[in-house]
Every structure is written in C-alpha cells, then in structure tokens.
Amino acid sequence: MGGLRLAGVLWLIGGVLSALLVLVALDTPGYALLLGAGGIVGLVIGGLLIWRPAVHVIRWSNIAGVAWLAAFGWLTVTNLDKPAGEVISGLILAAFGVGGALLAQIRRGRLANAA
C-alpha cells in the first residue's frame, strides 16, 4: 500500500505544480488550459491513489500517465527555443506524472494480493 501512496504523492506534486504554473502561463491560453487540466487530473488521481486505492484507479493512472507524457512532452519540445526554465518545468511536470503512473503500475500486484 505504501507504494501506491508514494505514487499518489507524485501525482499530487505534479498536479500542484501544474496548477501553480497556470499563473505563469495566463498570457498563453493553450498552455494555461493544458496546465489547468493537468493540475485537476494530477490532484484527482493523486488523491484517489492515497485515500481510495483500487485497481481501476491504477488503470486511470496509467491512461493519464500516457496522456501526461504526450501533453507535457509536447510542451517541452515546443519550448526548446524558449528560456531554460520553461523547458525544465515541462520536464519536471512530465517526470512527476509519469513517475506516479509507473510506480502505481509497479505496485499494482500488492493491491491485488491484499484484496
């Protein structure tokens, strides 16, 4: 169960960072929408993995992890010509979401064995 909590914490950190970066990206509506949606997804999945872990939540985490990688990978690639801070923030966001999804998938067997 501890691994799923850690996965949830990684998702929560990614969600909070994404939501905070909306304040920086308000001048670009597309980025603000992506970051806002990422914040909501990260907070919801992180909360569910911590307080209501279940196999279907891990499945949602996997789906969101793939979408998270695609979205924030795209954000990082499109910002390669921008200052380093924008590139690094995209990489950090991608790492937290994908890390949370991978850890939840790795720890899935423990949840199945506990049931």
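Keep in mind that what you see is a predicted model, and the values were worked out from it rather than measured. (Residues numbered from 1 in each chain as written. Predicted model: local features only at pLDDT ≥ 70, side-chain atom pairs only at ≥ 80, totals over all residues. Heavy atoms only, no water.)

### Quick word on the confidence of the model for the protein chain
On average, residues of the protein chain score 89 in pLDDT, and 94% of them are at 70 or above. When pLDDT is averaged over each element of the protein chain, helix α2 (residues 29–51) comes out on top at 93 and helix α5 (residues 108–114) at the bottom at 67. (pLDDT = per-residue confidence, 0-100. Helix = DSSP H or I, 4+ residues; strand = E, 2+ residues; numbered from the N terminus.)

### Regarding the environment of Leu21
Secondary-structure assignment places Leu21 in helix α1 (residues 2–21). For the pair Leu21 and Ala84, spaced 63 residues apart in sequence, the C-alpha separation works out to 15 Å. Ignoring any residue separated from it by four or fewer positions in sequence, one finds Leu21 in contact with Leu35, Ser89 and Leu93. (Contact = heavy atoms within 4.5 Å.)

### Considering the side chain of Thr76
Turning to its location among the elements, Thr76 is positioned in helix α3 (residues 55–78). Setting aside residues no more than four positions away along its own chain, Thr76 makes contact with Val87, Gly90 and Leu91.

### Some details on the packing of α1 against helix α4 (residues 84–106)
A packed helix pair is summarised by two numbers, namely the angle formed by the two axes and the spacing between the axes. Put simply, α1 and α4 touch, their axes get as near as 8 Å, and they point 155° apart. Taken together, the axes of α1 and α4 lie roughly antiparallel to each other. Where α1 crosses over α4, the handedness of that crossing is left-handed. In contact with Gly3, Leu4, Leu6, Ala7, Leu10, Trp11, Ile13, Gly14, Leu17, Ser18 and Leu21 of α1, α4 contributes Ser89, Ile92, Leu93, Phe96, Gly97, Gly99, Gly100, Ala101, Leu103 and Ala104. The residue makeup of the contact of α1 with α4, split by class, is 14 nonpolar, 7 polar and no charged. (Axes fitted to C-alpha atoms, helices over the stretch in contact; angles between N-to-C directions. Parallel < 35°, antiparallel > 145°, perpendicular 65-115°, else oblique. Left-handed = near helix turned anticlockwise from the far one by under 90°. Nonpolar A, V, L, I, M, F, W, Y, C, P; charged D, E, K, R; others polar.)

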